[in-house]
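Spelled out from the first residue to the last, the chains are:
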Amino acid sequence: MLRRVNELSVLSVLRDGVPRVLSEIAERTGLSWRTTSVVTESLEQHGWLASVDGDTRRPGRPARQYRFLAEVGHVAGIDIGAHAIRVSIADLAGTIVATHRVKASPRDSADKRLAATRSTVRAALAEAGLGEADVWSAAVASTGIIAGDGVVTKSVVLPGWTGLDLATPMSDLLGCPVAVANDCNLATLAERWRGHHADTMIYLLTGVRLGTGLIISGRLHRGSAGAAGEIGEIRELGWHDAAERLAAVAPGQHRDRDRAATLVFAAARDGDTTAVAAVDQFAADVAGGLIAMTLTLDPDLVVIGGSFVHAADLLLPRLRQHLERACPHPPRLEASQLGDEAVGLGAVRLALDAVESRITNLDSATQLSPAAISGNRLSQAPPARPRTLRRD
């Protein structure tokens, strides 16, 4: 048990991929130099670390450094959206080694969308020079309310999606455990990982639909059935048609509400009174739900993301005014810088978390090695279950 604790301590220091000498590893872990030396040699022997020479420009013998072999395993982040399917393959340090994206249509059937997802996963693996067996864990991002077993319990965006089991077909394809989560939740996870950071925060997805993700005490909060943050279900708040009412102000006929909203935001910047009023109303609609959640959670941070983030210059000051009037402790407001990569990055992070959990929970009597983790891919997957019938 003590050996395993020491191994995990050393791995945690080196997981960022930065080579370090023994003295630095010892200092960061709090272990003695001798113990650190024994542990690093063992981890190198079992395939987790590689030793490299230090700075050869200095006089004398260079100190040996150790780096984490992030390439011994990989994870897949799968983002199934209405307009596109995006698959990212990352090594165990979270470095993206390949990404493949294909267009989709909101009108595609569930079978067609799943078939496109499978082919996109294969294409991403081919670009990375990997096979299915090289993937230790995967995570799928999807619109809708997602239960813990990977079933979409409610979706109003994609046809045939309600009642669909997303975990099983992806697990069958890759032969590894697959987690499924709401796209907004995963954008929240990505934001805390690679963007703005706080232990208690709200991620506000803005665009043709509104949604939220929650980080509470440093952890993604999904609720008992995956429906946490679905405040838009309160129809009186107006979240369900806020973007539609904003886009309706755009001159001319526009089937693309994103494009129409962009025109309204541009007109508001130019001082058009009708557009300014529409943006004011949109911000007020958004603020109603955001205030309720802020008063409930008392977060340190609210991050604005989604397709309307380009209008942060208009939305943030208005939302800030509403929050300052209503909240005893107004949170800090920031605009996300992750763009359309946020959801896919969150899926990668969720898959990495699953691998880390597998490493941490490995029986201490079993030698910690890549083979011990990757070789248990299927045994870690949930038991087989009947295919879920679609309810819509």
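All of these numbers come straight from a predicted model, not from anything done at the bench. (Residues numbered from 1 in each chain as written. Predicted model: local features only at pLDDT ≥ 70, side-chain atom pairs only at ≥ 80, totals over all residues. Heavy atoms only, no water.)

> Let's hear about helix α8 (residues 257-269): which residues, and what values?
Owing to its 3.6 residues per turn, the α-helix brings residues three or four apart onto one side. For α8, with 13 residues, the first-to-last C-alpha span of 18 Å sits near the 18 Å given by 1.5 Å per residue. Along α8, the residues that are buried comprise Ala 260, Ala 261, Val 264, Phe 265 and Ala 268. Down the axis of α8, the sector holding all buried residues measures 140 degrees, keeping them to one side. For α8, the elements touching its buried residues are α7 (242-247), α9 (273-297) and α10 (312-326). One side-chain oxygen of the residue at the start of α8 lies 2.9 Å from the amide nitrogen of Asp 258, identifying that residue as Asp 256. (Helix = DSSP H or I, 4+ residues; strand = E, 2+ residues; numbered from the N terminus. Expected span 1.5 Å × (residues − 1). Buried < 20%, exposed > 50% of the residue type's maximum accessible area, 1.4 Å probe, protein only. Arc of directions from axis to C-beta. Contact = heavy atoms within 4.5 Å. Polar contact = N/O pair within 3.5 Å; in protein donor to acceptor, adjacent residues only side chain to side chain.)

> Give a description of unusual backbone geometry that names residues and reports values.
One non-glycine residue, Ser 217, lies in the positive phi region at around 50 degrees. Relative to the helices and strands, Ser 217 is located in the loop between β12 (211-216) and β13 (219-220). On the accessibility criterion, Ser 217 (60% relative accessible area) is exposed. Phi is positive for Asp 298, close to 55 degrees, though the residue is something other than glycine. Within the fold, Asp 298 resides in the loop between α9 and β14 (301-306).

> Let's hear about the sheet that holds β12: which residues, and what values?
With respect to topology, five strands assemble into an open sheet ordered β13-β12-β11-β14-β15, the strand pairing being mixed. The sheet terminates laterally at β13 and β15 (332-335), the two strands that pair on one side only. α10 contacts β11 (201-206), β14 and β15 of the sheet and is inclined by roughly 165 degrees relative to β15. (Pairing = 2+ DSSP bridges. Axes fitted to C-alpha atoms, helices over the stretch in contact; angles between N-to-C directions.)

> Can you lay out the pattern of salt bridges for me, pointing to particular residues and giving the numbers?
Counted by the stated rule, this structure contains 21 salt bridges. Arg 20 is paired through a salt bridge with Asp 16; the nearest N and O atoms lie 3.0 Å apart. By relative accessible area, which is 6% here, Arg 20 ends up buried. Among the ionic pairs, Glu 244 bridges to Arg 257, the shortest N-O distance being 3.7 Å. Residue Glu 244 is located in helix α7, and its partner Arg 257 is located in helix α8; the two are separated by 13 residues in the primary sequence. The class of Arg 257 is partly exposed, set by a relative accessible area of 35%. Salt bridges sharing partners connect three or more residues here, namely Arg 15, Arg 349, Asp 353 and Glu 356. (Salt bridge = Lys/Arg side-chain N within 4 Å of Asp/Glu carboxyl O.)

> Go over the packing of aromatic side chains, please, and point to the residues and values.
All told, the structure shown has four aromatic pairs when counted by the stated rule. Their ring planes at 10 degrees and their centres at 6.2 Å tell us that Trp 48 and Phe 68 sit as a pair that is stacked. On the criterion of sequence distance, the pair formed by Trp 48 in the loop between α3 (33-45) and β2 (49-53) and Phe 68 in strand β3 (residues 64-68) is long-range, its members being 20 residues apart. Here Trp 48 matches Phe 68 in class, with each residue buried. Pairing Trp 48 with Trp 136 gives two aromatic rings, centres 6.2 Å apart and planes at 85 degrees, and the pair type is edge-to-face. Taken together, the positions of Trp 48 in the loop between α3 and β2 and Trp 136 in strand β7 (residues 135-142) put the pair 88 residues apart, joining distant regions of the chain. No difference in accessibility class separates Trp 48 from Trp 136, as the two residues are buried. Through pairs of rings, three or more aromatic residues link up here, namely Trp 48, Phe 68 and Trp 136. Here the guanidinium or amino end of Arg 194 rests over the ring plane of Trp 193, the centre of that ring lying 3.9 Å away. (Phe/Tyr/Trp six-rings, centres within 6.5 Å; stacked < 30°, edge-to-face > 60°. Lys NZ or Arg CZ within 6 Å of the ring centre and 35° of its normal.)

> Explain the side chain of Ser 336 to me, and be specific about the residues and the numbers.
As for its position among the elements, Ser 336 is in the loop between β15 and α11 (342-361). Taking the relative accessible area as the measure of exposure, Ser 336 reaches 9% and is therefore buried. Excluding its chain neighbours within four sequence positions, the residues that come into contact with Ser 336 are Glu 191, His 196, Val 303, Ile 304, Gly 305 and Val 309.

> Now, about the packing of α8 against α9: what can you tell me, with residues and values included?
For any two helices packed against each other, the geometry is given by the interaxial angle and the distance between the axes. Across the interface, α8 lies against α9 with an axial gap of 7 Å and an inter-helix angle of 115 degrees. As α8 packs across α9, the resulting crossing turns out to be left-handed. Facing Val 264, Phe 265, Ala 267 and Ala 268 of α8, the residues of α9 in contact are Ala 275, Val 276, Ala 278 and Val 279. Taken together, the residues of the contact of α8 with α9 break down into eight nonpolar, no polar and no charged. (Left-handed = near helix turned anticlockwise from the far one by under 90°. Nonpolar A, V, L, I, M, F, W, Y, C, P; charged D, E, K, R; others polar.)

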